[in-house]
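Architecture and fold: a report
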Amino acid sequence: MTYNSTLLRLLDERGYIHQLTDAAGIDALAQKQVVPGYIGFDPTAPSLHVGHLVSIMMLRQLQRAGHKPIVVMGGGTGKIGDPSFKDEARKLLTEDLIAQNVASIRRVFERFLVFGDGPSDAIMVDNAEWLDQLEYIPFLRDIGQHFSINRMLSFDSVKLRLDREQSLSFLEFNYMILQAYDFLELSRRAGCLLQMGGSDQWGNIVNGVELARRVDGTQVFGLTTPLLTNADGTKMGKTVGGAVWLNEEQLPNFDYWQFWRNTDDRDVGKRLKLFTDLPLDEIARLESLQGSEINEAKVVLANEATRLCRGTDAALAAESTARATFAGGGVGEDLPTIEVPAEGMRIVAACTEIGFTASNGEAKRKVAEGAVRLDDEVVSDANLLITVPPGTSRKLSLGRKKHGVLRGM
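Looking at an unreviewed UniProt entry, the chain carries the name Tyrosine--tRNA ligase, with the source organism given as Novosphingobium kalidii. According to its UniProt record, the chain has this under Function (unreviewed entry): "Catalyzes the attachment of tyrosine to tRNA(Tyr) in a two-step reaction: tyrosine is first activated by ATP to form Tyr-AMP and then transferred to the acceptor end of tRNA(Tyr)." Under the Catalytic activity (unreviewed entry) heading, UniProt states for the chain: "tRNA(Tyr) + L-tyrosine + ATP = L-tyrosyl-tRNA(Tyr) + AMP + diphosphate + H(+)".

A few points about the overall build of the chain
Counting secondary structure elements, the chain contains 18 helices and 15 strands. With the principal axes as the frame, the chain shows a C-alpha extent of 75 × 45 × 40 Å. Per-residue burial for the chain yields a buried fraction of 50% across its 409 residues. The long-range fraction of contacts in the chain, counting pairs at least 24 apart against all pairs at least 6 apart in sequence, stands at 70%. Mean positive and mean negative side-chain charge positions of the chain (45 and 54 charges, respectively) differ by 2 Å.

Structural notes on the pattern of salt bridges
Overall, the coordinates contain 20 salt bridges when judged by the stated rule. The shortest N-O distance in the salt bridge between Lys298 and Asp265 comes to 2.5 Å. Here Lys298 is found in helix 15 (residues 294-310), whereas its partner Asp265 is found in the loop between helix 12 (253-261) and helix 13 (268-275), with 33 residues between them in sequence. Using a relative accessible area of 44% as the deciding quantity, one classes Asp265 as partly exposed. The salt bridge involving Glu304 is made with Arg307; its shortest N-O contact spans 3.0 Å. Separated by 3 residues within a single helix, Glu304 and Arg307 lie in helix 15, roughly one turn from each other. You can call Arg307 partly exposed: its relative accessible area is 31%. The structure contains a network of salt bridges with shared partners spanning Glu129, Glu185, Arg188, Arg189 and Asp216.

Side note on the nonpolar core
Of all hydrophobic cores here, the largest spans 101 residues; its most connected members are Phe109 and Trp260. At 9 residues, helix 10 (residues 175-190) tops the list of elements feeding residues into this core. Beyond its immediate chain neighbours, meaning those up to four positions away, Trp260 contacts Val50, Leu53, Met236, Arg271, Phe275, Lys298, Leu301, Ala302, Ala305 and Thr306. Ile354, Phe356, Ala371 and Val388 belong to the second-largest nonpolar core, a separate cluster that totals 20 residues.

A closer look at the sheet that holds strand 4 (residues 123-126)
The strand order across the open sheet formed by 6 strands is 1-6-5-2-3-4, and the pairing between neighbours is mixed. The two strands at the open ends of the sheet, each matched to only one other strand, are strand 1 (19-20) and strand 4. Pairing of strand 2 (residues 36-41) with strand 3 (residues 68-73), which is carried by 6 bridges, proceeds in the parallel orientation. When the sheet's bridge partners are listed, Pro36 is paired in strand 3 with Lys68. Helix 4 (residues 95-112) rests against strand 2, strand 3 and strand 4 of the sheet, and its axis sits at about 160° to strand 3.

Description of the UniProt feature "binding site: L-tyrosine" (unreviewed entry) in the chain
The UniProt feature table records "binding site: L-tyrosine" (unreviewed entry) at Tyr38, Tyr175 and Gln179. Position of Tyr38 relative to the elements: it lies in strand 2. Classification of Tyr38 as buried rests on a relative accessible area of 1%. Residues contacting Tyr38, with those up to four places away along its chain left out, are Leu59, Ile70, Val72, Gln179, Asp182, Phe183, Leu186, Cys192, Leu194, Gln195 and Met196. Note that Tyr175 resides in helix 10. Tyr175 gets classed as buried once you look at its relative accessible area, which sits at 6%.

Criteria and thresholds
- Residues numbered from 1 in each chain as written.
- Predicted model: local features only at pLDDT ≥ 70, side-chain atom pairs only at ≥ 80, totals over all residues.
- Heavy atoms only, no water.
- UniProt positions renumbered as here; feature names shortened; annotations may be inferred.
- Helix = DSSP H or I, 4+ residues; strand = E, 2+ residues; numbered from the N terminus.
- Buried < 20%, exposed > 50% of the residue type's maximum accessible area, 1.4 Å probe, protein only.
- Contact = heavy atoms within 4.5 Å.
- Lys, Arg positive; Asp, Glu negative; His and termini not counted.
- Charge placed at Lys NZ, Arg CZ, Asp CG, Glu CD.
- Salt bridge = Lys/Arg side-chain N within 4 Å of Asp/Glu carboxyl O.
- Core = buried A, V, L, I, M, F, W, Y, C linked by side-chain atoms within 4.5 Å.
- Pairing = 2+ DSSP bridges.
- Axes fitted to C-alpha atoms, helices over the stretch in contact; angles between N-to-C directions.

What follows is the structure in structure tokens.
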């Protein structure tokens, strides 16, 4: 389909659009007025991760096209947890922990969006403001009557869980009703006309669109993004080392930069479109590079993605560290670092403490595989005692992509 609005053309050209509830309707609306659009984020951890980044970038693109992003923190829904495509119920969080997570997550959005009071300035709200005030019987009577259990059971997010005969609590089953109610409240409170999200949110979004029409007679719209996978078919953001966190407290700047630098050649163009602001003609040039030259595009991707999330200084420092570590064979300043006491430290303990391995047992296996190097020399003895004189440092490596610094105390 050919879009006429700047908003849908931008989202389409960069690969964000998977499904729309009414493509012609939202296209026409976006040509006439500022469209407030929202995405919700449940604060289940102190940081969001790369899996959330498409949604964050979509809010950024919404603002770039002259429209108004609404960031919804799930202080209310986070007390339940979205069951969509989960194998089991999430651990219930305390209100204090949710509040701490919300405060930690807020900082990331300030790097991607411009907040303020202007027509296209972003705002942030917490759905606990209205969900915590609901009375059960009035809510069932006024809102519950608009939901069909038969239809709710037909959504893939629920159906797949039940087909696998995995428990789905009544608490979780209510999540889609509450998310639909969020859309209704946001249309009333903030004039919100668009909800966006991943493809796994399609059922929840459609429920909200229909609820607003049935209760208030309001026309609102929904848009989802494609499921983002790597060229090898795996889900993007899932790594052997765990989640790729957006906050620097959960993941060092160099590791964040290196995640993007290690992008598969086949994924470079797609990631440049989704996760940077580079013009499409420049992306086409970078994507067309062949052989070893594609590494230039990967460095650009790593720098641009890191700059948006962590700042320009972090991106430049990470690139400098990578060049010192890989090109020069030295030790970069931005690598993860641990201090080695005067009596020394066993190689397996160093691998675990610096975060390369989850346990000393795993570290022993990596040594046996010849994957551990000290100062670029392969370590073959799992009992090796490392000593580092005070004021000096040594480089510890696991495989080709993990490097760290051991400093003498």
